[in-house]
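The chain contents come next:
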Amino acid sequence: MAREAFDVVIVGGGNAAFGVTVPTRKAGLKVAMIEQRDLGGTCPNRGCTPKKVLVAAAHAMHEIGQAHVHCIEVGKPKLDWAALIDREKDMISGIPDSLGETLQERGVELVRAAAKFVGPNAVEAGGRRLEAKHIVIATGSTPRPLPIPGAELMITSDEVLSERELPESVLFVGGGVVALEFGHVYARAGAKVTILEVLPRLLPALDADAVEQVRKESVRIGIDVHTGVKVKRIEKTATRLRTVFEVDGKEMTVESDRVVNGAGRIANVGALDLDAGNIAHDGFRVMVDETLRSTSNPSVYLCGDVLSGPPQLSPLATYEGKLVGLNIVEGPRQKPDYSALPTAVYTVPALATVGLSEAKAKEKGLRTRVQVNDMEYWFSTRQFAETAAWSKIIVEEESDAIIGAHFVGHAGEELINLFGLAMKHGIKAAQVRDFIYAYPTFSADIKHML
């Protein structure tokens, strides 16, 4: 097998991988990218981008359902699920080819194959041996396997985004982002939805009060939510699937057309043969230092969803990829900053968050003032017939710095970016409050939230 030399070999072809190519190619380095599936990775092909098409439909169904508040008479809407899936596929169909053109423009060699390490500075892909001064692992994530009898009967978000027939009933094992986002879509499309979560509450990493607002809204639209659950098995019946679980010592069963793995995702490294690359790991968790470099092999960096710890977010993957590219070009000096990172869970309405939860602020011993607003009866909420509108803003007393913000509804998925910007650039709470906002807008309510 001939040896081919590169400055940088990137394993994976998603947002993180593309981020790496920007500074490395600008510096004139010889770069190869190895990708077995569609360019773009999970987000544009099987994740956030196609999912938002379904979420947009759920928003429309929600708005139609609230039409009577605006004195508009409408008939009962019917969602054509097959046509919606076709629309979703059509909207993303051109992404891989477009990204392929981007690679050509950047002068990156694309290798269409699976990859595995065959040495500390070498990978094998498609019968080729690629050697490089720097190798970047940007292979993304894969659904977390669950040690449940009958787990092979579950589907993943991949199938949810592809099946053209709307199931009458769906059960999610796991109460994370996947379960809540798709659960809200399914429920508004007319399916019966059940969510089973092993932990005492949904979305344990997020602010408890914000999550409770989403839980109540989920129940309001007909979703059955069970927490503190032990799932015992999944089994076939004549025509459906039966999930057997235990709550407070009591065994219960739910039958459904589909059971979806909603337990989150882990690093997609199982086929890479990390040991051959002298890469320290604990199963799927790869050890990295503050610059995202392997702790055992200084030639290897990681970025994107393959990292264990940071949130699995598309813009964050691009950011980490560019940072890794800079560290390859300039030396390992750049460290990621996750302190002011706006995120959202795209339920309807959405939950948006940035910074610390109230519990985390207390753990750190910070002296804070916490402003909680149930905005149900605010004029703007009633104007747009919102079914949930809530905020919590956390400010450090001494510095007047915003250290956390959490929204449910009230265009929180947009407003959260203003708070992230303020946190990133040191804009004080009083300055955010006293700014003159266009009125009437949801943004104009920020002064009252503070």
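Located above this text is the structure these notes cover.
Described in the following lines is the structure provided in the data block.

Pairing between sheet strands relies on hydrogen bonds along the backbone, with the strands arranged either parallel or antiparallel. The 4 strands are arranged S10-S9-S8-S14 in an open sheet whose pairing can be described as parallel. Two strands bound the open sheet, and with one partner strand each, they are strand S10 (224–226) and strand S14 (258–261). Adjacent strand axes in the sheet meet at a mean angle of 15 degrees, parallel and antiparallel pairs treated alike. Strands strand S8 (169–173), strand S9 (192–196) and S14 of the sheet are contacted by helix H7 (residues 177–189), whose axis makes an angle of about 170 degrees with S8.

The subject of this paragraph is the side chain of Ser 256. Structurally, Ser 256 is set in strand S13 (residues 250–256). Overall, the relative accessible area of 1% leaves Ser 256 in the buried class. A distance of 3.0 Å separates a polar side-chain atom of Ser 256 from the backbone oxygen of Arg 258. Those residues in contact with Ser 256 that lie beyond four places of it in its chain are Ser 169, Val 170, Leu 171, Arg 240 and Leu 241.

Below, the discussion takes up the environment of Val 247. On the secondary structure map, Val 247 appears in strand S12 (residues 241–247). Judged by its relative accessible area of 15%, Val 247 falls in the buried class. Val 247 sits 191 residues away from Ala 56 along the chain, and the two C-alpha atoms are 34 Å apart. For Val 247, the contacting residues outside a window of four places in its chain are Thr 227, Gly 228, Val 229 and Met 252.

Attention now goes to the state of the cysteines. Under the criterion given, the structure shown has 1 disulfide. Between the sulfur of Cys 43 and that of Cys 48 lies a disulfide, 1.8 Å long from S to S. Negative torsions about the S-S bond denote left-handed disulfides, and the value of about -110 degrees found for Cys 43 with Cys 48 makes this one left-handed. Judged by relative accessible area, which is 14%, Cys 43 ranks as buried. Take Cys 48: its relative accessible area is 23%, and that puts it in the partly exposed class. Here Cys 303 is not disulfide-linked; the sulfur of Cys 43 is the nearest cysteine sulfur, at 15 Å.

Counting across every chain of the model gives 5 aromatic pairs. Taking the centre distance of 4.9 Å and the plane angle of 75 degrees together, the rings of Phe 435 and Tyr 437 count as edge-to-face. A relative accessible area of 51% places Phe 435 in the exposed class. Given a relative accessible area of 16%, Tyr 437 falls into the buried group. Against the face of Phe 6 rests Lys 30, its NZ or CZ located 4.8 Å from the ring centre. Positioned over the ring face of Tyr 346 is Lys 52, at 3.9 Å from the centre of the ring.

This part is about a nonpolar patch on the surface. Residues Ile 64, Ile 72 and Val 74 make up a contiguous nonpolar surface patch of roughly 240 Å² in combined accessible area. Its location among the elements puts Ile 64 in helix H3 (residues 48–65).

The subject of this paragraph is the sheet that holds S12. Strand order in the open sheet made by the 3 strands is S11-S12-S13, with antiparallel pairing throughout. The two strands at the open ends of the sheet, each matched to only one other strand, are strand S11 (229–236) and S13. Here the strands of the sheet are splayed against their neighbours by 20 degrees on average, with no regard to which way each runs. Strand direction decides the pairing type here: S12 and S13, joined by 7 bridges, are antiparallel. Note that in S13 the partner of Val 247 across the bridge is Lys 250.

Closest axis-to-axis distance for the H3/H7 pair is 9 Å, and the angle between their directions is 45 degrees. Taken together, the axes of H3 and H7 lie oblique to each other. The handedness of the crossing between H3 and H7 comes out as left-handed. Residues Lys 51, Leu 54, Val 55, Ala 58, Met 61 and His 62 of H3 touch H7, and the partners they reach there are Glu 181, Phe 182, His 184, Val 185 and Arg 188.

Right, let's get into the nonpolar core. Of all hydrophobic cores here, the largest spans 47 residues; its most connected members are Val 9, Ile 34, Phe 117, Val 136 and Ile 137. When neighbours within four sequence positions are excluded, Phe 117 is seen to be in contact with Ala 122, Val 123, Ile 135, Ile 137, Leu 272, Asp 273, Leu 274, Ala 276, Gly 277, Ile 279 and Val 300. With 40 residues, the next largest nonpolar core counts Val 53, Leu 54, Ala 57 and Val 408 among its residues.

Attention shifts here to unusual backbone geometry. In this chain, Val 348 is followed by Pro 349 through a cis amide linkage whose omega measures 5 degrees. As for its placement among the helices and strands, Pro 349 is situated in the loop between strand S19 (343–345) and strand S20 (351–355). Residue Pro 440 follows Tyr 439 across a cis peptide bond; omega there is 0 degrees. When you line up the elements, Pro 440 lands in the loop between helix H13 (429–434) and helix H14 (446–449). Phi at Leu 292 takes a positive value of approximately 70 degrees, unusual for a residue other than glycine. With respect to the element layout, Leu 292 can be found in the loop between strand S17 (285–286) and strand S18 (300–302). For Leu 292, a relative accessible area of 5% corresponds to the buried category. For Ala 411, which is not glycine, the phi torsion reads 55 degrees and is therefore positive.

Given a rise of 1.5 Å per residue, 13 residues ought to cover 18 Å, and the 18 Å separating the end C-alpha atoms of helix H8 (residues 208–220) matches this to within 8%. Next to the buried residues of H8 lie H7, S20, strand S22 (390–396) and strand S23 (402–408). Gly 222, located one to two residues past H8, shows a positive phi value of around 100 degrees.

Rules of the game
- Residues numbered from 1 in each chain as written.
- Predicted model: local features only at pLDDT ≥ 70, side-chain atom pairs only at ≥ 80, totals over all residues.
- Heavy atoms only, no water.
- Pairing = 2+ DSSP bridges.
- Helix = DSSP H or I, 4+ residues; strand = E, 2+ residues; numbered from the N terminus.
- Axes fitted to C-alpha atoms, helices over the stretch in contact; angles between N-to-C directions.
- Contact = heavy atoms within 4.5 Å.
- Buried < 20%, exposed > 50% of the residue type's maximum accessible area, 1.4 Å probe, protein only.
- Polar contact = N/O pair within 3.5 Å; in protein donor to acceptor, adjacent residues only side chain to side chain.
- Disulfide = S-S within 2.5 Å.
- Phe/Tyr/Trp six-rings, centres within 6.5 Å; stacked < 30°, edge-to-face > 60°.
- Lys NZ or Arg CZ within 6 Å of the ring centre and 35° of its normal.
- Patch = residues over 30% accessible without salt bridge, like charges linked within 9 Å, V, L, I, M, F, W, Y side chains within 5 Å.
- Areas by Shrake-Rupley, 256 points an atom, 1.4 Å probe, with all protein chains shown as cover.
- Salt bridge = Lys/Arg side-chain N within 4 Å of Asp/Glu carboxyl O.
- Parallel < 35°, antiparallel > 145°, perpendicular 65-115°, else oblique.
- Left-handed = near helix turned anticlockwise from the far one by under 90°.
- Core = buried A, V, L, I, M, F, W, Y, C linked by side-chain atoms within 4.5 Å.
- Expected span 1.5 Å × (residues − 1).

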